[in-house]
Structure formats: structure tokens, C-alpha cells
Amino acid sequence: MRAELKAQRTRSWGEVTLGDLARRIAADHGLQARVGSALRGIAIPHLDQTEESDLNLLTRLAGDHDTVAKQSGKYLLLVPRGEVASATGKPTPAIDVRPEDASRWRLTLADREAYSPAEASWHDAETGERKTETAGSGEPKWTIRRAYASASVAAEAARSKLVQLARGTALLAVDLSPCNPVAAAEAELRMAGFRDDVDGSSTCQRVVHKLDRGAFNGRFRHRVDVMQLYNM
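To keep things clear, this report deals only with the structure shown in the data block.

Thresholds applied
- One numbering rule holds for all chains: residues counted from 1, following each sequence as written.
- For a predicted model such as this one, the threshold for reporting local features is a pLDDT of at least 70, and the threshold for listing and counting side-chain atom pairs is 80 or more; totals across whole chains, interfaces and linings nevertheless cover every residue.
- Water and hydrogen atoms play no part in the side-chain values, which are based on all heavy atoms of the structure.
- A helix here means a DSSP run of H or I that spans at least four residues, while a strand means a run of E at least two residues long, and both kinds are numbered starting from the N terminus.
- For two strands to be treated as a pair, DSSP must find no fewer than two bridges joining them.
- Helix axes are fitted only over the stretch in contact, all axes being lines through C-alpha atoms; the angle between N-to-C directions runs from 0 to 180 degrees.
- Whether two residues are in contact is decided by their heavy atoms, any of which lying within 4.5 Å being enough.
- Within 6.5 Å between ring centres, the rings of Phe, Tyr and Trp (the latter by its six-membered ring) count as paired, and their orientation is classed by plane angle as stacked under 30 degrees, edge-to-face over 60, tilted in between.
- Per-residue accessibility, obtained with a 1.4 Å probe over protein chains only, is compared with the maximum for each type, and a residue is labelled buried under 20%, exposed over 50%, and partly exposed between these values.
- Reported orientations rely on four angle classes, namely roughly parallel under 35 degrees, roughly antiparallel over 145, roughly perpendicular from 65 to 115, and oblique for the rest.
- Note: crossing handedness is left-handed where the near helix turns anticlockwise from the far helix by less than a right angle, and right-handed where it turns clockwise.
- Think of it as three bins: nonpolar holds Ala, Val, Leu, Ile, Met, Phe, Trp, Tyr, Cys and Pro, charged holds Asp, Glu, Lys and Arg, and polar takes everything else, Gly as well.
- The arc in question is the one spanned by the directions pointing from the helix axis to the C-beta atoms.

Concerning unusual backbone geometry
With an omega dihedral of -5 degrees, the bond running from Glu-139 to Pro-140 counts as a cis peptide bond. Looking at the element boundaries, Pro-140 is found in the loop between β9 (130–135) and β10 (142–148). Phi at Glu-51 takes a positive value of approximately 45 degrees, unusual for a residue other than glycine. Mapped onto the fold, Glu-51 is located in strand β3 (residues 43–53).

Comments concerning the sheet that holds strand β2 (residues 32–35)
One open sheet accounts for three strands, arranged β2-β5-β4; its pairing is mixed. Looking at which strands have only one partner, the edges of the open sheet turn out to be β2 and β4 (67–72). Each adjacent strand pair in this sheet contributes to an overall mean axis angle of 15 degrees, direction not counted. Here four bridges tie β2 to strand β5 (residues 75–80), and the two strands are oriented parallel to one another. If you follow Val-35 over to β5, its bridge partner there is Leu-78. This element, helix α1 (residues 18–28), spans β2 and β5 of the sheet and lies at about 155 degrees to β2. Packed onto the sheet, helix α2 (residues 54–64) meets β4 and β5 and runs at close to 150 degrees relative to β4.

Points about the packing of aromatic side chains
Counted by the stated rule, this structure contains one aromatic pair. With a centroid separation of 5.7 Å and 85 degrees between ring planes, the pair formed by Trp-105 and Phe-194 is classed as edge-to-face. Of this pair, Trp-105 sits in strand β7 (residues 102–109) while Phe-194 is found in the loop between β12 (188–191) and β13 (200–203), placing the two residues 89 residues apart along the sequence. Phe-194 sits in the buried class, given a relative accessible area of 17%.

Regarding the packing of α1 against α2
Interaxial distance between α1 and α2 falls to 11 Å at its minimum, and their mutual angle equals 160 degrees. Here α2 runs roughly antiparallel to α1, going by the angle between their axes. Between α1 and α2 lies a crossing of left-handed hand. Between α1, through Leu-18, Leu-21, Ala-22 and Ile-25, and α2, the contact on the second element is made entirely by Asp-54, Leu-57, Leu-58 and Leu-61. Taken together, the residues of the contact of α1 with α2 break down into seven nonpolar, no polar and one charged.

A word on α2
What α2 keeps buried is the set Asp-54, Leu-55, Leu-57, Leu-58, Leu-61, Ala-62 and Asp-64. Looking one or two places after α2, you find Asp-66, whose phi comes out positive at around 55 degrees.

Considering α1
Along α1, the positions that sit buried rather than exposed are Leu-18, Gly-19, Leu-21, Ala-22, Ile-25 and Ala-26. The buried side chains of α1 occupy one side of the element, clustering within an arc of 165 degrees when seen end-on. On its buried face, α1 sits against β1 (8–17), β2, β3, α2 and β5. Immediately downstream of α1, the backbone of Gly-30 shows phi near 70 degrees, a positive value.

A short note on the environment of Ala-149
For Ala-149, the position within the fold is in the loop between β10 and α3 (151–166). Leaving out residues up to four positions away in the same chain, Ala-149 has contacts with His-46, Trp-122 and His-123.

Right, dumping it as C-alpha cells:
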């Protein structure tokens, strides 16, 4: 990861699209932007970047739109979550894992219906009021703490959060030995030979490679759809 991406900066963004913002940040760091087609035209009326790194800014925006922001080689990627593709558009290699490939693993199930609606607030500059946009209905409600610049941006943030909450996630952590050095976040992981609620394909959420005096091991963490996990 380029150190410059982590340096804190202060500036304002106005009347820009998500695609343009990603391209400008990528150009600042000598990278090429690769932005998902559905994300390029999303309008950002106003955005303040205050003592915040470009990487954190992109990660924050990615969270608002249920996407992934990361650097991959000479590319800066902003793509929909679960879209397993490299910067060249070619599918990333799938990683096959059998019991003999894992030194240990752990499955943690989440409560699929912990929250029903999601709410995001925004500041109305004309009236000076703080207003809210809600996606979904019912109780309990998930409230996003930060405020947004417009109703459309707040509505999209609420919708994206609802998608995340409704995904019905489980967390599967796998320690591989020996490590697969080509593994990366958003790669497809295919588990086989473990048990019914673990076997199947899912997407890596995070991959950590660790090199020490003894061996080169990798710890894979990926968040997967429960329906996918249980092959329903």
C-alpha cells in the first residue's frame, strides 16, 4: 500500500461523481482508477475531507455504497462487494481449501434479523433542519451516526446499510498452512470436505499473510451470505 494514500489531508469536494473522485485520487498517487459501472455516476453534492487520508475517505464512501475500495498493484479499485474480478476484468483464481489445507478454522453465525430498517440523516441547508431517510421498516432500527449532505446521498447510505444488515452474514476464519500467496480480498474461496454448513463458495473479506521464522502462513477471513453458506 502506498504510504501517500494513508497521509492525512484536508480539502473539500463539491459537485463531483464518485467515479471522478476516485479517478482524481488515483491520479494524485500515480495509480489508475477502476470503478464499477454502477458507481461511476453517483453524484456527491458536497464532501469535506478533514484531516483524513485518501484511503480512509474512499473506504468510508465504499461503506456508504456497499462496495470495496482497495489498491491492487498500479490500480485503485472501487467495485461492488462480491464482484470477484481483477483490475483487468479477468476473474481472480478460485482458491480450493480442503481439511488438510487448514491448520484451524472457526465459523461464527450472525443474527440475520437483528435489525430491520436502516436510517440516515442529512442536513437541509435551506431550512437548517436535520432530516432523515429510512430504508426498510419494522424494529429494531439501525441508525447511521454521521450526517450526509443531501437527501439522495443519505437515502443511498441507508439502502446500502440495509443490504448489509439483510445479507444474513456469517464469519468464517481459516488458517491455511502452507499459505497461498496469490490469495487476496474479494477472491473466491471454495471449501470442501469440512461439513455441510461450511462447504461451498464464498468471497474473501480480508486476507492476512504472515511471514515469520518458522513458516509462511495465511489467515483468511471472509464474510459470506448465509443462504449461500447453507446452500439453500
